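Take a look at the letters that make up each chain.
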Amino acid sequence: MPERLLLTGNHAAAYGAMLSRVEVISAYPITPQTMIVELLSELTASGELPAKFITVESEHSAMAACVGASAAGARAYTATSGQGLALMHEMLHWAVGARLPIVLTNVSRAMAPGWSIWSDQTDILSQRDVGWMMLFAESVQEAQDFVIWMYRVAEQVYLPGMVGMDAFILSHTAEPLIVHDRDRVDAYLPPFEPLYDLDPADPRAYGGLVNRDHYFELRYKVYEAMERAGRLLAEAGEEFADALGRRYAPVEGYMLDDAEYVVMSAGAMTSNVRQAVKDARERGMKVGLLRLVALRPFPFAEVRRLLAGRHKVAVLDRNLSPGHSGIFAQEIRSALSGMPDAPPVYGYVMGIGGRDVRVETVTETLDDLVRRDEPDLALYVGVKGLPIGPVRAFEQIPVPVKVEVAR
Amino acid sequence: MSNATVQISITLRDYLRADRLPTTWCAGCGLGIIMNAIVQAVAYRRLDMDKVSMVSGIGCTGRMSGYVDCNTVHTTHGRAPAFATGIKLARPEMTVITVMGDGDAMSIGGNHLVHAMRRNIGMVAIVVNNNVYGLTGGQSSPTTPVGGVSTTTTAGSFERPMDLEALARTAGAPFFARATVNHTASLTMSIEKALTVDGFALVEVISNCHVIYGRMNGMPEASDMIAAMDGDTWRTNPALLKRADQSIRVTAAGVETAQELRRREGVSQDERSGRGVIWTSSGSIDLSHRYQREMTARQHDEVAT
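To start, this report covers the structure provided alongside it. (Residues numbered from 1 in each chain as written. Chains lettered and ligands numbered in written order. Predicted model: local features only at pLDDT ≥ 70, side-chain atom pairs only at ≥ 80, totals over all residues. Heavy atoms only, no water.)

### A look at the overall build of chain B
When its secondary structure is counted, chain B shows 14 helices and 12 strands. The buried share of chain B, taken over its 305 residues, is 56%. Considering only contacts within chain B whose residues lie at least 6 apart along the sequence, 66% involve residues at least 24 apart. (Helix = DSSP H or I, 4+ residues; strand = E, 2+ residues; numbered from the N terminus. Buried < 20%, exposed > 50% of the residue type's maximum accessible area, 1.4 Å probe, protein only. Contact = heavy atoms within 4.5 Å.)

Written out as structure tokens, the structure is:
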């Protein structure tokens, strides 16, 4: 029988790792992630999880040890947050190039300085281009289930994957969690079969020097695997329903059927967005929600299909790429680019450094979306003393552009 | 005595950012004592706070740079010595003090500490050793003693703790001192002496994390842990005793534990204890009692003048 427990997102992630029967856990403490590895430490010490657990000397080493463990044929897991994920960056690339299906949970927190442990997705989105699959959990249940879902796909395509979870509003919030039966998880997630093993009888060399004649092809295989992962992720999400009773998909829609306005969100703040959308519907506004569950591989077809022909799209970003706009807004704009009936995309930046994104905040944003005539790259919501709008106007100086003409 | 008290209160107001107080540290934490000792040492050296830079890493100790009123930087986990190296290169006339915890200095920042020592960059590095990652809630650190219970070693740690003194010797730091928060006079004197070193000076301070580490290891009160930082009561502190017995020395002859060392060379428990050891490139200097006497004399001088 599946167990029903009241647990935090962090503890759910640890249960996800345990249900996935991870074999090596290597981690370093960082708020607000630490509870994940503390629970895994307890579970390994008590023997409930027969895994090797080590606290290493930094996040860089934590990922390096996961790389080693995975290369030696073990299912490896770690969890980190903010600065820790940034410190792992070099090793994240390694896991991709070495084709190791490691899974990590990242509890997203703001980057320093100034020091902040509060919710902000800039940390995980800064790792967008390393080649890890990325899922964004919204609930405690998903914090557990996405780890299992991710291992399933990662081990099919031999690419690593990370599950994003928002600091405190998910990591430290308790909700009822269904802990699945272990044998049913086993049926869904078969044991890890490494592509290559470290076998003394059949010695190999890893991490060799490749010249210009091989590197591109090695990378091409990574690109290919990531393309394949898109379909597998959707399939594995469907199969999750048959095996474990919950259906997951790379994109979720809510009240989208006749929606003229669509608001897009990812992660735990989506729950408040959903409530605001429901409230707006009751007030007669034709609005729906598009929740992006998977950022990599990016679900182009689904996003294009769900957004085609809408009147306006608002993208809510709890992150920002300075000099451009919110990262999800960039992704949505790029997905819609060239589509004949593409809606205008209004980028809204909010909740930076853990500032609350309340239902009311989203409601105000929806009102602004209706009123505003022209889309903007980034409209800031909730900066002290400022109304919703673009960056404060300053004297516009024409930027000289160096152009060479073709005669 | 009343004069001495007045003098210290003036010192604190002049040297701390009073608007940032109270600190976030738990009641009874040794960090307040250590911050006080640093401020006193700076005051005794008559240093201008505008020419002092305090660089901290991450952890409970990392918060100190928020409270001391000089040029402060609260840097990333483990990198305080690297930031401090940059500051010293740009402004060599500045007195640079880095404050780090044991996890900060010896794990994630171990290589920075080693190379700052190797390069002999002019700074006073204060490593607050409380055997645990406190701020994140009590995970085992590089100095958690064998058998020490933490949230990531619930059945007791089985890794050998780092020996900072041995590391300092190996990396070539010209000055090393170890003091405890139970011996405040010698602590202040150690820091004051470190401030006179023209080069890298390392001060390890044995501190207490009774709220997290102590509670998990049978010492839930600050007084339990602080009182145990003494040669006489050493044996009553299982954490310190384990730490003393299990720390290792790597010598030409191989690896030996402190226990073996004591047995072989008859080194007393006191010499291994928090009371400590001070050595410089010109040789070892002993010990804390003399400094306590000097300190008392010094305080009387200050009051008199």
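### Here's the deal with the overall build of chain A
A count of helical and extended segments in chain A gives 12 helices and 15 strands. Relative to the 2.2 N^0.38 estimate, which gives 22 Å for 407 residues, the radius of gyration of chain A is 22 Å and therefore close to what a compact globule would have. For chain A, with 407 residues in total, the buried portion stands at 56%. In chain A, the share of contacts with a sequence separation of at least 24, taken over all contacts with a separation of at least 6, comes to 79%. In chain A, the 39 positive side-chain charges and the 52 negative ones have mean positions that sit 4 Å from each other. (Rg over C-alpha atoms; globule rule 2.2 N^0.38 Å. Lys, Arg positive; Asp, Glu negative; His and termini not counted. Charge placed at Lys NZ, Arg CZ, Asp CG, Glu CD.)

### With respect to the pattern of salt bridges
Enumeration according to the criterion identifies 26 salt bridges over all chains in this entry. With its nearest N and O atoms 2.9 Å apart, the salt bridge here joins R128(A) to E331(A). Taken as a pair, R128(A) in the loop between helix 5 (122-125) and strand 6 (133-136) and E331(A) in helix 11 (residues 327-336) lie far apart in primary sequence, 203 residues in all. Between E204(B) and R178(B) there is a salt bridge, with the nearest N and O atoms lying 3.0 Å from each other. (Salt bridge = Lys/Arg side-chain N within 4 Å of Asp/Glu carboxyl O.)

### With respect to the nonpolar core
Ranked by size, the top nonpolar core spans 111 residues in total, and within it L40(A), M63(A), Y77(A), W132(A) and W149(A) carry the most contacts. The greatest single-element share of this core, amounting to 11 residues, is contributed by helix 6 (residues 140-157) of chain A. Taken domain by domain, this core gets at least three of its residues from each of domain 1 (3-244) and domain 2 (251-394) of chain A. What W132(A) contacts, discounting residues up to four positions off in sequence, is M63(A), L92(A), A95(A), V96(A), I102(A), L104(A), P160(A), G161(A), M162(A), M226(A) and R296(A). Grouped together as the second largest cluster of nonpolar side chains are 40 residues, I34(B), I126(B), V203(B) and I206(B) included. (Core = buried A, V, L, I, M, F, W, Y, C linked by side-chain atoms within 4.5 Å. Domains from an automatic or database assignment.)

### Brief notes about the sheet that holds strand 12 (residues 294-296) of chain A
Residue and element names in this part refer to chain A. The strand order across the open sheet built from 7 strands is 3-2-4-5-7-6-12, with neighbouring strands paired in mixed fashion. Both edges of this open sheet fall to strand 3 (52-55) and strand 12, since each of them pairs with a single strand only. Strand-to-strand twist in this sheet, taken as the mean axis angle between neighbours without regard to direction, amounts to 20°. Sheet topology places strand 6 next to strand 7 (residues 161-166); 4 bridges connect them, and they run parallel. Bridge pairing in strand 7 links L135 to V163. Strand contacts of helix 4 (residues 82-97): strand 4 (76-81), strand 5 (103-108) and strand 7, with the helix running at about 135° to strand 4, the strand carrying the most contacts. (Pairing = 2+ DSSP bridges. Axes fitted to C-alpha atoms, helices over the stretch in contact; angles between N-to-C directions.)

### Section: the interface of chain A and chain B
If you look at the interface, chain A gives 18 residues, while chain B gives 20 residues. Summed over both sides, the interface between chain A and chain B buries roughly 1,300 Å², with carbon and sulfur atoms accounting for 59% of that surface. On the chain A side of the interface with chain B, the three residues burying the most area are Y28(A), E38(A) and W115(A), jointly 37% of the side's total. At the surface where chain A touches chain B, the tally comes to 0 salt bridges. Along the contact surface separating chain A from chain B lie 9 residue pairs in polar contact (both at pLDDT 80 or more). Every element with two or more residues in the side of chain A that touches chain B is listed here: helix 2 (34-45), strand 3 and helix 4 of chain A. By residue number, the principal contributor to the side of chain A that touches chain B is helix 2 of chain A, which donates 5 residues. Residues belonging to the side of chain A that touches chain B are distributed by class as follows: 8 nonpolar, 6 polar and 4 charged. (Buried area = accessible area lost by both parts, 1.4 Å probe. Polar contact = N/O pair within 3.5 Å; in protein donor to acceptor, adjacent residues only side chain to side chain. Nonpolar A, V, L, I, M, F, W, Y, C, P; charged D, E, K, R; others polar.)

### Things to note about helix 8 (residues 184-195) of chain B
Each α-helix turn comprises 3.6 residues. Residues three or four places apart therefore point the same way. All names here are of chain B. Over its 12 residues, helix 8 runs 16 Å from end to end, which matches the ideal 16 Å to within 8%, given 1.5 Å per residue. Burial runs high along helix 8: 10 of the 12 residues are buried. Within the sequence span of helix 8, burial applies to A185, S186, L187, T188, M189, S190, I191, E192, A194 and L195. (Expected span 1.5 Å × (residues − 1).)

### A word on the packing of helix 6 (residues 110-119) of chain B against helix 7 (residues 164-171) of chain B
Residues and elements named next belong to chain B. Remark: helix 6 packs on helix 7, axes separated minimally by 8 Å, with the N-to-C direction vectors making an angle of 45°. Taken together, the axes of helix 6 and helix 7 are oblique relative to one another. In this structure, helix 6 meets helix 7 at a crossing whose hand is right-handed. For the pair helix 6 and helix 7, the contacting residues are L113, V114, M117 and R118 in the first and L164, L167, A168 and A171 in the second. Across the contact of helix 6 with helix 7, the residue classes tally to 7 nonpolar, no polar and 1 charged. (Parallel < 35°, antiparallel > 145°, perpendicular 65-115°, else oblique. Left-handed = near helix turned anticlockwise from the far one by under 90°.)

### With respect to a nonpolar patch on the surface
Residues and elements named next belong to chain A. A surface patch of nonpolar side chains, amounting to about 390 Å² of accessible area, comprises L195, Y196, L198 and Y206. Take Y206: it is sitting in the loop between helix 7 (182-188) and helix 8 (215-244). Under the relative-accessibility criterion, Y206 is labelled partly exposed at 37%. (Patch = residues over 30% accessible without salt bridge, like charges linked within 9 Å, V, L, I, M, F, W, Y side chains within 5 Å. Areas by Shrake-Rupley, 256 points an atom, 1.4 Å probe, with all protein chains shown as cover.)

### Examining the layout of surface pockets
In this structure, the largest pocket occupies an estimated 970 Å³ of space. If you go around the largest pocket, you meet 29 residues; those closest to its centre are G97(A), A98(A), R99(A), G207(A) and L218(A). Those elements that place two or more of their residues in the lining of the largest pocket are helix 3 (59-71), helix 4 and helix 8 of chain A. When residues in the lining of the largest pocket are grouped by element, the largest group, 8 residues, is from helix 8 of chain A. For the second largest pocket, the calculated volume is near 680 Å³. Taken together, 36 residues make up the lining of the second largest pocket; nearest its centre are R109(A), I58(B), G59(B), H77(B) and L135(B). Looking at the lining of the second largest pocket, the elements that each hand over two or more residues are helix 4 of chain A together with strand 3 (95-101), helix 5 (102-108) and strand 5 (132-133) of chain B. For the lining of the second largest pocket, the residue count by class is 15 nonpolar, 15 polar and 6 charged. (1 Å grid on protein atoms, 1.4 Å probe; cavity = no way out; pocket = protein on both sides within 12 Å on 5 of 7 lines; lining within 4 Å. Points joined across faces, edges and corners; volume = space filled by probe spheres on them.)

### A word on the pairing of strand 3 of chain B
Residue and element names in this part refer to chain B. Of all 7 residues making up strand 3, 7 are buried, and the element is well covered by its neighbours. Here strand 3 shows no split at all, with T95, I97, V99 and G101 on one side and V96, T98 and M100 on the other all buried. As paired strands, strand 1 (residues 52-56) and strand 3 are joined by 5 bridges and run parallel to one another. Directly across from V52, in strand 3, lies its bridge partner T95. The sheet contact formed by strand 3 and strand 4 (residues 123-129) spans 5 bridges and is parallel. By the bridge assignment for strand 4, V99 is matched with I126.

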